[in-house]
Amino acid sequence: MVAMSHSSLTLDDFTQPSPSPSPSGEAREESLPWHQRCRPTDATKGLLVALLGGGLPAGFVGPFSRMAYQASHLPSLELLLCRCLFHLPIALLLKLRGCPLLGPTGNRHRAWLHALLNVLSIACAYSAILVVPAGNAATVRKGSSTVCSTLLALCLESQRLSSYDWCGLVGCTLGLLIIVGPGLGTLQEGSEGVYTALGYMLAVLGGLALALGLLVYRSLDFPSSLLTVAFLFGIVGVMGALPGLFLLQTPVLPHDPLSWSCIWAVGVLALVSFVCASYAVTMVHPALVCAVLHSEVVVALMLQYYVLCETVTPFDIMGAGVVLGSIAIITAQNLSCDRERECL
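Residues numbered from 1 in each chain as written. Predicted model: local features only at pLDDT ≥ 70, side-chain atom pairs only at ≥ 80, totals over all residues. Heavy atoms only, no water.

Describing unusual backbone geometry
How we decide: Segments assigned H or I by DSSP are reported as helices when at least four residues long, segments assigned E as strands when at least two residues long, and all are numbered from the N terminus.
Non-glycine residue histidine 73 carries a positive phi angle of around 55 degrees. Mapped onto the fold, histidine 73 is located in the loop between helix H4 (42–72) and helix H5 (76–85).

Considerations on the layout of surface pockets
Using the following cut-off: In this analysis the probe radius is 1.4 Å and the grid spacing 1 Å, with only protein atoms considered; a cavity is a set of points the probe fits into but cannot get out of, a pocket is an open set with protein on both sides within 12 Å along at least five of seven lines, and lining residues have an atom within 4 Å of a point. Grid points are joined across faces, edges and corners, and a volume is the space filled by probe spheres set on the points. For this scheme, ten residues count as nonpolar: Ala, Val, Leu, Ile, Met, Phe, Trp, Tyr, Cys and Pro. Four count as charged, namely Asp, Glu, Lys and Arg, and the remainder, Gly too, count as polar.
In this structure, the second largest pocket occupies an estimated 270 Å³ of space. Along the wall of the second largest pocket there are 15 residues; nearest its centre are Ser76, Ser127, Leu130, Leu202 and Gln249. Residue assignment for the lining of the second largest pocket shows that the elements contributing at least two residues are H5, helix H7 (108–129) and helix H10 (191–218). With four residues, the single largest contributor to the lining of the second largest pocket is H10. Here the residues of the lining of the second largest pocket sort into eleven nonpolar, four polar and no charged.

Some words on the nonpolar core
To keep it simple, the criterion reads: Throughout this description, the term nonpolar core refers to a set of buried Ala, Val, Leu, Ile, Met, Phe, Trp, Tyr and Cys residues connected via side-chain atoms within 4.5 Å. For every residue, the accessible area obtained with a 1.4 Å probe (protein chains only) is divided by the maximum for its type, and the residue is called buried under 20%, exposed over 50%, and partly exposed between those limits. By definition, residues are in contact when any of their heavy atoms lie within 4.5 Å.
Leu47, Leu79, Leu80, Tyr126, Phe231, Phe233 and Val289 are the most contacted members of the largest nonpolar core, which totals 72 residues. The greatest single-element share of this core, amounting to ten residues, is contributed by helix H11 (residues 225–248). When neighbours within four sequence positions are excluded, phenylalanine 231 is seen to be in contact with His87, Leu88, Ile90, Ala91, Leu94 and Leu101.

Considerations on the UniProt feature "transmembrane region" (unreviewed entry) in the protein chain
Using the following cut-off: UniProt positions are given in the numbering used here, feature names are shortened, and annotations may be inferred rather than shown by experiment.
Summarizing the sequence annotation, UniProt attributes the feature "transmembrane region" (unreviewed entry) to residues 47–65, 111–132, 166–185, 197–217, 224–246, 258–281, 288–307 and 313–332 in the numbering used throughout. Annotated as residues 111–132, this span is 86% helix and 0% strand, and its ends, taken at the C-alpha atoms, are 32 Å apart. The distance from the first to the last C-alpha atom of residues 197–217 is 31 Å, and the span holds 100% helix and 0% strand.

Structural data, given as structure tokens:
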């Protein structure tokens, strides 16, 4: 009996839950590194992708395009054509994955519309860069895209923005006005002033098309949407730029290494920026993506001064500082860690 009792007690003691694993589990969680206990949210990932992969590479596109124009007078449509050619090899990835090149039937029209809006935006941006400074053209284009995206945010009740987001959006717009405002007030009279005003109008139109394109992309709901829209951008761009180049402009074959280097740099950097911006807009609101993409303006102004040797006024520096501060507000507010999900 004693043996049986002893055996029963031993069995009961073995089957009872032990209280010791709980504190040891908590200690194990506390001993984990910070990057494993604290995981960024989707909004944070989207903003970082838009900042590092979308805005910073795009800041080099404008100055490099202007350098190619200054070196060999490369037309804007020819530069757009060269950029679109970098998108065509994506067809190989779509074929390897077994995805339709033009997208599923239900989303095909919206995918083509997205490609058309992006080609229109880039064409307006390249045309504006040829007649106005690269930094100012990027500023006006990004500013108009932010304003349009913000107005669209007012119409989307299901996607409200916080007070910090609105503060950052207003700050970005204010910084852009500080940069462009003094230049708009001193437009020269005559043909040069008309061309400058036309360049700013094209930049505004490019920003409007960019905001609409990002909104259309959010409505696409098939797995290969990112690769499909990138390929369709190349198709639409080639179809539009190739005949327009021979009808409206004169093709130029560059002979100097500088022009070819700029063409390759524009093609690669623009493709990276396009993919990252499209990916970011699926994780965070388009208005915030456009605001973070203002980092392009700061990079373009730096290259405008140090590489292109063009004048940068104190208003440009002040406006760039306001833009950077506004981006910091938006990013810091969304840099939160999803602790509850990790604890589950």
